[in-house]
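Spelled out, the chains give:
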Amino acid sequence: MLNNKGRVTRPQESTDDHIETQDSYSGHKGLLMNEPLLFEVGGLDKTGVDLPDCSETENMLGGLERAGEIGLPGLSEPEAVRHYVRLSQQNYAIDSGFYPLGSCTMKHNPRLNEKMARLPGFTDIHPLQPQSSVQGALQLMEQLSHWLLELTGMEAIALSPKAGAHGELCGMMAIKAALEAADSSRNIVLVPESAHGTNPATAAQLGFKVASIPADADGTVRAHAVQTAIEENGAETIAGIMLTNPNTCGLFEREIKAIADAVHEAGGYFYCDGANFNAIMGRVRPGDLGVDAMHFNLHKTFSTPHGGGGPGSGPVVLSQRLSAFAPVPFLQKSDDGLTLIEHEDGDDTEAEPFGRLTAFHGQMGMYVRALSYILSHGLDGLAQASGDAVLNANYVRAKLKHLLNQPFGDQACMHEVLFDESSLAGTGVTTLDIAKRLIDEGFHPMTIYFPLVCKGAMLIEPTESESQASIDLFVETLASLIEEAKAGETEEAFHQAPVHTPRRRLDETAAARKPILRFESSSN
Amino acid sequence: MTKTYYSQSHEYVSVEDGVATIGITHYAQSQLGDIVFVELPETGRGFKQGDEAAVVESVKAASEVYTPIAGETTEMNEDLAANPALANEDPEGAGWFFKQTITNEDELTKLMDRAQYDAFVKENQ
Amino acid sequence: MRYLPHTESTRQAMLDTIGVASIEDLFEQAGTPQEQPPTSLPPHKSEMEVEQHLSQLSGLNRAAGDGPFFVGCGAYRHHVPASVDHLIQRSEFLTSYTPYQPEISQGTLQYLFEFQTQVANLLGSEIANASLYDGSTGCGEAVLMAHRITRRKKALLSGNLHPHYASVVKTLSHMSSFQVDQSEVVAGQSATDDLIAKIDDETSCVVVQTPDVFGSLYDLKPIAEAAQAKGALLIAVVTEVVSLGAVQAPGDMGADIVIAEGQSIGNGLNFGGPYLGLFACRQKYVRQMPGRVCGETIDADGKRGFVLTLSTREQHIRREKATSNICTNSGLCCLAFSIHMTLLGERGMKKLAALNHSKAVQLSKALSNIDGVEIINQSFFNEFTVRLKQSAEQTVETLVKKNILAGVPASRLWPDRPDVENLLIIAATETVSDDHINELCAELKEALNA
């Protein structure tokens, strides 16, 4: 009861009339076009494709022909292009500005990646055509695997998970499979309080019980806290631990090796959430720290585009202890070249795959982009990129530490820096208000709904892609807003922001109370 | 004669003529924020003390509602299901969640009365 | 390095501001281990070198467009209009994140709302979400959702469900201690007696694919009635959504949840991913539905706008009580689907479906004239199964040497079943030409007579 964390946005009643923006006759505002819904402008008799006529043939549909209207309005090509271009102009994007969204690693997406992923030998091949006809694709998967294994110091890889959370599920399934193979009834998974919500969700989905570990005053997990949790639950019940490193507060888990040792000694496995691998790539190998399984987010660390929320890709690397338990399909080398093993009993090796996570081989389109990025950087470039990411976050920290409170004290951070809203106390202005004012200033706000361990989190991840000038302008803007809030004369302007956007604050309460999830012609 | 008891997880039980009416307290709704959905137990479901009986979703979060006493559900508040805002507007009146039988009167004695609950809330703020 | 803006002098200036001597010192202060990992990985390459390397790998693959191509079984080659790829590469679509700040994400949110409407209408359901990873993972999620709704733990799968989809469901179920039952495989027929007979009071859902993995079409009404009579849900799976321009929608035939692989519209084959999971269901199950959803609301000025909604079900807030562990949707693939569907419109979609069906009928007639080839389907849309007089796998290998990709041998999906060894699953979309059909028939005739 009383889960009062999380977020709320419902616009406040405006008490200030001058903030009302003047509407134009057309609904457009200069370069910003208001665009109706497809269902209001399209027509059932309109189309933007010309298809060849087909000859009348015998019908083999078994009496199941569709009768009547489907309800799919169309547009001609020029109208469609305009519709979507206008929609695109209502989005903020990395290409247009600074996007310091903590834990999301919004780095530049090189266009070479896009060009490579569209080569016909990658985009126009079928997952079930004979393997002899796709050896180049299998070689690409093999080369990407080699890089990911070398960068992490791990033994085996499962490429197929479709996103970070899917990779997490894969890694925890491998642990569960290893426990089953050993006839073990271990069922407790230790998860720090600061963990991303997917960690406990994943463990619970697999039937594990979640035991929470507190963080220390410095924001990291201490080996003695893990040891205590192991003793409280009994070493023989510990299936493993799920730890994010660097953690969700942007801090490196200093005692990670001792934590790994404690969990291993108890007989459990160490799952590492690799969402923040961008901070350490080319510098620290998780395998050297005692990690047994870790997922990547290719769309964070290796620059595949976020695409408005996907598609992602979440390959998982496994230690020697877990290497036999990767799901199908997996690659095998032989004299004839590379083979993709697609069935659980499909080879004569020691492999004990736990099953299958998706119909085909995973996100090939993302593998191409990630390898294109990795080859471009090389090992030296990847290490420089993680170095610059950490440099940029610490630069933001140094510039703002006098104005904003760091919940775990002023200490060197990794690729992102966490502040809270305590220095705004008494101003009537919250982190949410600061974020909305940043929007009016032309920035994408930092992450504000996460992590939940502090009140009014501001998690800032500049990434290595930003220039010093770009970071300076953001930092100075944020500083001016904090000072304005503390001066205390413009509280209402904070609550009413943003005002320079296609839409102002949206009523999420109304959306959730009576969900309208599709267009109905009667609703306009 | 109605007597009302309170739990540490911020539910209340109003007892009248041997029937218990259960809902969330005014303080609970103020912490949850705008309530957008409630999932109520169907009639005839039996609970032990402390069982998860209902779910309440606000824009911020989803939380469980535990029944403070054992019993069997006799009625759910259809008006609340249709208009979850009632739990914000009048939580201890029109915004009640469900009614149930009382298996064991003794369980009531372990709950707080109004004064104790007010002190409990103040202490935990 | 072309992707990094800093010069050595800016790095030094920033280090001075922080008050440390080097980036390595920062890592040391942050507590990372200092030993350099041993590695043999190579240094950076120019754009030209990377392009040459990857182009060489691409060239080793036989692309679908390089000659006759008849491969389907869950992924289909269709023509995608040029404007689709142009539009999805708009910076503001390509390089934005999940629309957590709705005021500056209305573009993404509005296309998701339009997408949800298109999907719901196409699948014949009341509502749809903003997509899942792909059809197979959607199928797994649908089964878990049915378990939550019915509070039962046993799924019943049709034997003719794509075996990889069945594998995904079985893996998830095994890992979460749920049960799975399955009816017999009956190639070429829409047989449902065995399936219906297996429904009992513990069945939470019945999962039926139409067209099924062999290409046969199903009337879902009797299965829906039988399932619902026992308190179970019907989950319909569609791996070729173009079929829905020609055949009745699963939702209209009574399916409670409809899952589809949306790749066919707007998205390339991509060797299996990224694809697009379409997920639709009845309105009354909205709060049990996994994945992101976009909803309509108003802003502070009373103007219509869109937000991600019902997010309290997600792991961000519910943690171990979340509906599922899914975080991402398939954003850009949704956009490609939605743009392609908008270009097609009602008329284009129906015509595309008719064209696919006529190509498949034309191919089936041509093949049925060959000795040693028997078409086993009683019904089909753009894909059907033939029984050859010899191993289908060997025949496919023979034909690939003649630059013909003839289809999927059933043994690729069921390596341990001798009874399907001679079955070949063949798809014909609008991209198949008369010449391709003639070439396939000529070479197949020769392969069978060899």
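Note that the coordinates shown come from a computational prediction; the quantities given were computed from them, not determined experimentally.

Peer 1: An account of the overall build of chain B is needed here, citing residue identities and associated values.
Peer 2: For chain B, the helix and strand inventory stands at 5 helices and 9 strands. Secondary structure elements of chain B, listed N to C terminal, follow the sequence β-β-β-α-β-β-β-β-β-α-α-β-α-α. Here the C-alpha radius of gyration of chain B, 13 Å, is about what a compact globule of 125 residues would show, namely 14 Å. C-alpha extents for chain B along the principal axes are approximately 35 × 35 × 25 Å.

Peer 1: Break down the domain arrangement of chain A for me, citing the residues and quoting the values.
Peer 2: Accessible area lost during the coming together of the parts is what is often quoted as the interface size. All names here are of chain A. Taken as a whole, chain A is organised into domain 1 (114–372) and domain 2 (379–503). A C-alpha centroid distance of 31 Å is found between domain 1 and domain 2. Of the residues lining the interface, 26 residues belong to domain 1; the matching set on domain 2 comes to 21 residues. With both chains or domains summed, domain 1 and domain 2 bury close to 1,800 Å², and 65% of this area falls on carbon and sulfur atoms.

Peer 1: Talk me through the packing of aromatic side chains; I want residue IDs and the actual numbers.
Peer 2: The tally for this structure, following the rule as stated, stands at 19 aromatic pairs over all chains. Taken together, a centroid distance of 6.4 Å and an interplanar angle of 65° make the contact between Phe302 of chain A and Tyr373 of chain A edge-to-face. Residue Phe302 of chain A is located in the loop between α10 (298–301) and β7 (316–318), and its partner Tyr373 of chain A is located in helix α11 (residues 364–400); the two are separated by 71 residues in the primary sequence. Look at Phe302 of chain A and you get buried, because its relative accessible area is 0%. Using a relative accessible area of 1% as the deciding quantity, one classes Tyr373 of chain A as buried. Ring pairing ties together the aromatic residues Phe277, Phe296, Phe302 and Tyr373 of chain A together with Tyr3 of chain C, which thus form one cluster.

Peer 1: Before we move on, could you go through the interface of chain A and chain C and cite the residues and values that matter?
Peer 2: Across the boundary between the two partners, chain A contributes 210 residues, which contact 195 residues of chain C. Together, the buried faces of chain A and chain C total about 17,600 Å²; carbon and sulfur atoms form 60% of this surface. When the buried area of chain A at its contact with chain C is split by residue, Leu64, Arg66 and Leu517 of chain A rank highest and sum to 5% of it. Counting across the chain A and chain C interface gives 12 salt bridges. Ranked by residue count, the leading element in the side of chain A that touches chain C is α11 of chain A, at 27 residues. Looking at the side of chain A that touches chain C residue by residue, the class counts come to 100 nonpolar, 65 polar and 45 charged.

Peer 1: Would you mind going over the sheet that holds strand β9 (residues 98–100) of chain B in detail, with residue names and values included?
Peer 2: Residues and elements named next belong to chain B. Here we have 6 strands laid out as an open sheet, ordered β1-β2-β3-β9-β8-β5, and antiparallel in their pairing. In this open sheet, the two strands that pair with only one neighbour each are β1 (3–6) and β5 (46–47). When β5 meets strand β8 (residues 71–76), the two strands line up antiparallel, connected through 2 bridges. Pairing of Gly46 across the sheet is with Glu72, part of β8.

Peer 1: Can you explain the nonpolar core? Please cite residues and give values.
Peer 2: Grouped together as the largest cluster of nonpolar side chains are 117 residues, with contacts concentrated most on Leu190, Phe302 and Ile434 of chain A. Ranked by residue count, the leading element in this core is α11 of chain A, at 19 residues. The residues that make up this core include at least three from each of domain 1 (114–372) and domain 2 (379–503) of chain A. Aside from chain neighbours lying at most four places away, what touches Ile434 of chain A is Leu424, Val429, Met446, Leu478, Leu481, Ile482 and Phe494 of chain A. By size, the runner-up hydrophobic cluster in this structure holds 76 residues, among which are Leu64 of chain A together with Leu112, Leu343 and Phe381 of chain C.

Peer 1: Summarise the pairing of strand β2 (residues 11–16) of chain B; cite the residues concerned and give the values.
Peer 2: For a regular strand, the rule is simple: side chains alternate between the two faces of the sheet. All names here are of chain B. Within β2, 5 of the 6 residues are buried, leaving the element largely enclosed by the surrounding structure. Direction of pairing for β1 relative to β2: antiparallel, over a ladder of 4 bridges. Looking across to β2, one finds that Lys3 is bridged to Val15. The turn linking β1 back onto β2 is made up of 4 residues, and His10 within it adopts a positive phi angle of 70°. The pairing of β2 with strand β3 (residues 19–24) spans 6 bridges and is classified as antiparallel. When the bridges of β3 are listed, Glu11 appears paired with Ile24. Hairpin connection from β2 to β3: 2 residues lie between these consecutive antiparallel strands, with Asp17 at a positive phi of about 50°.

Peer 1: Mind laying out empty space enclosed by the protein, listing which residues take part and the relevant values?
Peer 2: The full count for this structure, using the stated rule, is 14 cavities of 30 Å³ or more. By volume, the second largest cavity amounts to about 110 Å³. Around the second largest cavity, the lining comprises 14 residues; the ones closest to its centre are His166, Leu169 and Leu357 of chain A together with Thr137 and Leu172 of chain C. Mapped by element, the contributors of at least two residues to the lining of the second largest cavity are α6 (164–181) of chain A together with α7 (135–150) and α8 (163–175) of chain C. Considering only residue class, the lining of the second largest cavity consists of 7 nonpolar, 5 polar and 2 charged.

Peer 1: Provide a residue-level description of helix α8 (residues 223–233) of chain A, including the pertinent values.
Peer 2: All names here are of chain A. Regarding α8, the residues found buried are Ala223, Ala225, Val226, Ala229 and Ile230. Along the axis of α8, the buried residues cluster in a sector spanning 165°; they form a single face. In α8, the exposed positions angled more than 90 degrees off the buried face are occupied by His224, Glu231 and Glu232. Just past α8, the residue Gly234 takes up positive phi, approximately 90°.

Peer 1: Talk me through the pattern of salt bridges; I want residue IDs and the actual numbers.
Peer 2: A side chain of one charge can pair with a side chain of the opposite charge if their charged atoms are brought near each other. According to the stated counting rule, one finds 47 salt bridges over all chains in the structure shown. In this structure, the salt-bridge partner of Lys436 of chain A is Glu103 of chain C, at a minimum N-O distance of 2.9 Å. Placement of the pair is Lys436 of chain A in helix α12 (residues 431–440) and Glu103 of chain C in the loop between α5 (91–94) and α6 (106–123), with the two residues belonging to separate chains. Of the two residues examined, Lys436 of chain A and Glu103 of chain C, each falls in the buried class. Notably, a salt bridge pairs Glu92 of chain C with Arg90 of chain C, separated by 3.1 Å at the nearest N-O pair.

Peer 1: Hey, could you go over the side chain of Thr463 of chain A for me, with residue numbers and the actual values?
Peer 2: Residue and element names in this part refer to chain A. Mapping Thr463 onto the fold places it in the loop between β11 (458–460) and α13 (468–487). Of the polar contacts made by the side chain of Thr463, one reaches the backbone nitrogen of Ser465; its length is 3.2 Å. Residues contacting Thr463, with those up to four places away along its chain left out, are Thr105, Met106, Lys107, Ala389 and Asn392.

Peer 1: Tell me what's going on with the pairing of strand β6 (residues 257–261) of chain C, and back it up with residues and numbers.
Peer 2: Residues and elements named next belong to chain C. Burial within β6 is extensive, with 5 of its 5 residues counted as buried. Neither face of β6 is left uncovered, since the one carrying Ile257, Ile259 and Glu261 and the one carrying Val258 and Ala260 both have all their residues buried. Taken together, the 4 bridges between strand β5 (residues 233–238) and β6 define a ladder with parallel strand orientation. Paired with Ile235 across the strands is Ile257, a residue of β6. Relative to strand β7 (residues 277–281), β6 runs antiparallel, the two sharing 5 bridges.

Basis of the calculations
Residues numbered from 1 in each chain as written. Chains lettered and ligands numbered in written order. Predicted model: local features only at pLDDT ≥ 70, side-chain atom pairs only at ≥ 80, totals over all residues. Heavy atoms only, no water. Helix = DSSP H or I, 4+ residues; strand = E, 2+ residues; numbered from the N terminus. Rg over C-alpha atoms; globule rule 2.2 N^0.38 Å. Domains from an automatic or database assignment. Contact = heavy atoms within 4.5 Å. Buried area = accessible area lost by both parts, 1.4 Å probe. Phe/Tyr/Trp six-rings, centres within 6.5 Å; stacked < 30°, edge-to-face > 60°. Buried < 20%, exposed > 50% of the residue type's maximum accessible area, 1.4 Å probe, protein only. Salt bridge = Lys/Arg side-chain N within 4 Å of Asp/Glu carboxyl O. Nonpolar A, V, L, I, M, F, W, Y, C, P; charged D, E, K, R; others polar. Pairing = 2+ DSSP bridges. Core = buried A, V, L, I, M, F, W, Y, C linked by side-chain atoms within 4.5 Å. 1 Å grid on protein atoms, 1.4 Å probe; cavity = no way out; pocket = protein on both sides within 12 Å on 5 of 7 lines; lining within 4 Å. Points joined across faces, edges and corners; volume = space filled by probe spheres on them. Arc of directions from axis to C-beta. Polar contact = N/O pair within 3.5 Å; in protein donor to acceptor, adjacent residues only side chain to side chain.

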